[in-house]
Amino acid sequence: HLKTISEGQKASLVGQIKDLQEQYELVQKDLMDREEKLRKLESASRGGSNQGLQGVDFVYMKNVMMKFMEVVGTQGRGQEAAALLPVLATLFQANAEEFQLMKKWLSGRG
C-alpha cells in the first residue's frame, strides 16, 4: 500500500528538499574555497618566488661554495669551477639572466 500524502505534507517535503539543496550548495562552495586555499598554500610551500632559500640544505650549499672558491682561484681548474656553476645557480635559485652573469664573471677570471 502506498500511503497518500496531503498537499501540506508534500509542500513541507518540497521545502525540506530545497533547504537541503541550499545547504549542499553552501557546503560545496565552502569545500571549493578550502581546496583553493590549500592549493595556494601547497604552491607557496613548494617554493614560490617569495620563498627565498626555504628547503635548501645549507651545509651542502656551504660545501659547494667552499669548493667553488677553492677551485676558482686555482690554475687549471676552470672546468671544475664551471661545472659547479649550475649547482650554485640551482641552490641560489638564480634565473637564466643571473646564471649568465655568473658564467660571464667566471670566464672573465680565466
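Keep in mind that what you see is a predicted model, and the values were worked out from it rather than measured.

Criteria and thresholds
Residues numbered from 1 in each chain as written. Predicted model: local features only at pLDDT ≥ 70, side-chain atom pairs only at ≥ 80, totals over all residues. Heavy atoms only, no water. Core = buried A, V, L, I, M, F, W, Y, C linked by side-chain atoms within 4.5 Å. Buried < 20%, exposed > 50% of the residue type's maximum accessible area, 1.4 Å probe, protein only. Helix = DSSP H or I, 4+ residues; strand = E, 2+ residues; numbered from the N terminus. Axes fitted to C-alpha atoms, helices over the stretch in contact; angles between N-to-C directions. Parallel < 35°, antiparallel > 145°, perpendicular 65-115°, else oblique. Left-handed = near helix turned anticlockwise from the far one by under 90°. Contact = heavy atoms within 4.5 Å. Nonpolar A, V, L, I, M, F, W, Y, C, P; charged D, E, K, R; others polar.

1. With respect to the nonpolar core
In this structure, Val64, Phe68, Val72, Ala81, Leu84, Leu85 and Leu106 are the most contacted members of the largest nonpolar core, which totals 13 residues. Elements represented by at least two residues in this core include exactly helix H2 (58–72), helix H3 (78–91) and helix H4 (96–109). Considering each element in turn, this core owes the most residues, six residues, to H3.

2. Section: the packing of H2 against H3
Following both chains from N to C, one finds H2 and H3 inclined at 150 degrees, their axes separated by 10 Å at the closest point. As far as their axial angle goes, H3 and H2 are roughly antiparallel. In this structure, the crossing between H2 and H3 has a hand that is left-handed. Across the interface between the two elements, Tyr60, Met61, Val64, Met65, Lys67, Phe68, Val71 and Val72 of H2 pack against Glu80, Ala81, Leu84, Leu85, Val87, Leu88 and Leu91 of H3. Tallied by class, residues from the contact of H2 with H3 come to 13 nonpolar, no polar and two charged.

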